[in-house]
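Remarks on the overall topology
If you want the building blocks of each chain, they are given just below.
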Amino acid sequence: MTTTMTMTTLRSTISPFLAVHILLYGLLAVSKAAFLNAQIAFVSAFLILLGSLYSYRKLVQRNLENETAVHQDDLVEKIDDPYDLYSESEEEFEEEKPLKDVIKEEKARLKASKATVRNVSKSTPALLSVYRLVPYGILVLGFIALKNNNMLSLWYFLPGLAAGIVAGFLSGKALFASR
């Protein structure tokens, strides 16, 4: 059972990558520069997306193990009513406060809810992951190399990025969402 599941996962991970590669090799008929533009963009976008999905998956798993994840109901409530306009406490309506005091209270409440150093430090490993930084380096160095050799053509580079994003998402979904 696990062998078939592993093979299915492997097949659904590799198939988007190979399908786009077959199409990219068709660009060799146009020119070598067109092929290189699309290839560099595709591979770097594909690796960036896979690295991002992997590092954020590890971050979420670590938070779940430490039980630091936000409760889903609180998150939905915060999205639905970010300024707590529909709260059920009646004490707010009983007394009239001067406008200056209300503004000061709201500023203090909003300042307290902003990202703290602790929250930023928890998500930093996912942001600065090697799995993300190396593909970004490939993207930047590939772009610079194409530009310096007068081979850069955005007509082939941008569709290569788009194809890498789609293939990376499909492969990442097969790899990381199924577990």
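Notes on the structure in this doc start here.

Okay, helix α7 (residues 130-148) next. With 19 residues, α7 extends 26 Å from end C-alpha to end C-alpha; this agrees with the ideal 27 Å at 1.5 Å per step. Where α7 is concerned, the buried positions are R132, P135, L139, G142 and L146. Taken around the axis of α7, the buried residues stretch over an arc of 105°, which confines them to a single face. Exposed side chains of α7 directed beyond 90 degrees from the buried face belong to V130, L141 and N148. Immediately downstream of α7, the backbone of N150 shows phi near 55°, a positive value.

Right, let's talk about the packing of aromatic side chains for a bit. Aromatic rings in a pair are described by how distant their centres are and how their planes are angled relative to each other. Going through the model one piece at a time under the given rule, you end up with 4 aromatic pairs. Aromatic pair Y54 and Y131: ring centres 4.9 Å apart, planes at 85°, arrangement edge-to-face. One end of the pair, Y54, is in helix α2 (residues 32-65); the other, Y131, is in helix α7, with 77 residues separating them in the sequence. Since its relative accessible area comes to 44%, Y131 is described here as partly exposed. Ring centres 5.4 Å apart and planes at 75° place the aromatic pair F143 and F157 in the edge-to-face group.

The rules behind the values
Residues numbered from 1 in each chain as written. Predicted model: local features only at pLDDT ≥ 70, side-chain atom pairs only at ≥ 80, totals over all residues. Heavy atoms only, no water. Helix = DSSP H or I, 4+ residues; strand = E, 2+ residues; numbered from the N terminus. Expected span 1.5 Å × (residues − 1). Buried < 20%, exposed > 50% of the residue type's maximum accessible area, 1.4 Å probe, protein only. Arc of directions from axis to C-beta. Phe/Tyr/Trp six-rings, centres within 6.5 Å; stacked < 30°, edge-to-face > 60°.

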